[in-house]
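Per-entry structural report
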Amino acid sequence: EASGDTPSWAWWDDDSLDFPKWCSFKLNRAQRSKAGFVTVTTSACAAASGRSRHALDRIRLGTVVIQALCKANFEGHVGVSFEGVSLHDKSGHVHVHLKCYDNVLITAPRSIPQASKRGSHRKVTDSIDEFITRQQKFASRLRRSANNGDRNHQKRYLTVHSVPSLESSNDPEVFELFCHYQTVVHRDSDPFFGEIGGPETSHSDEYARTKEMCPSPGFLDVDAVYCDLSEDRRNVIKKVYLKFYRFLCETPVKQDKDRGSFELTDGYDIQIPNGTYHQHYRLSTTKDGVDGPIIAVSVIDLLPQCLSSVYSFYDPILSSRLELGKYTALREIEFVSRRRASKLYSRCRWYHLGFYVHNNPKMTYKSSFRPSQLLCPVYKQWIDFDAGRRRLEEESPVRHCCALVKPAGSANANNSRPTSFRVDDLLLDVGNCIVSVGLLNAEGRGIIDSAIQEFVAEVGEDI
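Residues numbered from 1 in each chain as written. Predicted model: local features only at pLDDT ≥ 70, side-chain atom pairs only at ≥ 80, totals over all residues. Heavy atoms only, no water.

Structural notes on unusual backbone geometry
The step from R370 to P371 runs through a cis peptide bond, and the omega angle for that step is -10°. Here R187, not a glycine, exhibits a phi torsion of approximately 60°, which is positive. Here R187 shows up in the loop between α5 (172-185) and α6 (201-213). You can call R187 exposed: its relative accessible area is 53%. Of note in the backbone geometry, D266 takes a positive phi value of approximately 55° without being a glycine. (Helix = DSSP H or I, 4+ residues; strand = E, 2+ residues; numbered from the N terminus. Buried < 20%, exposed > 50% of the residue type's maximum accessible area, 1.4 Å probe, protein only.)

Here it is, written out as structure tokens:
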């Protein structure tokens, strides 16, 4: 409990305190002691880290808790004094050491009433209500004038509308969702509430130049939308917005405005013209409405023969229950299937998930969509995914990049590997001296030649 800058100790001495069980302190052992020492432990920091999907670091959080406990006021608690606090450097558990004097009985906490145990009359928070409430609080913190209203308990419909990327780029809600996703999932600094570093004038100037060159209204006016924030804060936001705009909004794909339609058919706008789009996933109050908050955005390139999935971002907390990343991919697959069945865009028949990096855990989800194929980077031929993955693991266990197919008339499927490589001109940093491999004596060449040949054979001459 905090009172001003000095926190005070809260004791679980009655049933009126309703704290989650995972926040409590556990007595290491019950005892009656004369001037004895007792340790109580909490795993709240580790639990909070897990519940945030490790957006909160348990060690850093534990350090903050320890600093607060060291300032805590223990006066007025007869028979117990605060002796110290420690942090387990691996688990993140916080240990509080207490000294107990005569006639003080330290016991384990009373049993939790049956009604409050897991599964018995437990209040379950509705995911949709929680998201909308959190989104409204976020908007109010930015002091935006928009009136969201209290629509928490209305029935909601998940609606998806495709918006050209150079129009979606002007939507503050899309940009704010992108920032929230990057902060939680990729540990980027929060431009709205994170720390403000040094001067950001260079990014502000670059933002102004880019804004002048962009077609209106495809560029967000940060100064107008966030006018209630400080200038330093707006400069930080401009820096992140430039990254967002160049990454997900600028596009070389031209939209064919003379064809297609944005009308929905059974919830899908499959008649839209080719181009780059942000598909907005909203919790709307009507089946075809666009009045609800955005919970996810998928960025796609819609081409004559395929839909290429560029990126997706979404509310991470809501996605922990709904798996929004997989859902957007499944819906894009269904989009291609329906578009192919239409007369106007019957050539569109493929769904591209982008690059596959075998040893990148963030890309393993792509292998869960079957049947699928990998494109051979050498011979530009498609091969079954399982066969291609086996080839990567067998032929290129380090780099995971090699020819995936065996060309006609060749005994070696991986012709991209060099059979010989000249190393004489390679430079070595030896202490404070730079020498070429060709200057080494026979003993030195005997040591280094085989290692370099093995390395070049694995990673390729270009590396």
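There is more to say, and it comes next.
Looking at the pattern of salt bridges
Using the criterion set out here, one finds 13 salt bridges in the structure. Residue E206 is joined to R246 by a salt bridge in which the shortest nitrogen-to-oxygen separation is 2.8 Å. One end of the pair, E206, is in helix α6; the other, R246, is in helix α8 (residues 231-248), with 40 residues separating them in the sequence. Of the residues examined, E206 reaches a relative accessible area of 25% and is grouped as partly exposed. (Salt bridge = Lys/Arg side-chain N within 4 Å of Asp/Glu carboxyl O.)

A few points about α5
Its 14 residues place the ends of α5 20 Å apart at the C-alpha level, agreeing with the 20 Å of an ideal helix rising 1.5 Å per residue. Across the 14 residues of α5, 11 count as buried, placing the element largely inside the fold. Taken residue by residue, α5 has P172, E173, V174, F175, E176, L177, F178, C179, Y181, Q182 and V184 as its buried positions. Measuring from the backbone nitrogen of E173 back to the side-chain oxygen at the start of α5 gives 2.9 Å, which picks out D171 as the cap. R187 sits one or two residues past α5 and shows a positive phi near 60°. (Expected span 1.5 Å × (residues − 1). Polar contact = N/O pair within 3.5 Å; in protein donor to acceptor, adjacent residues only side chain to side chain.)

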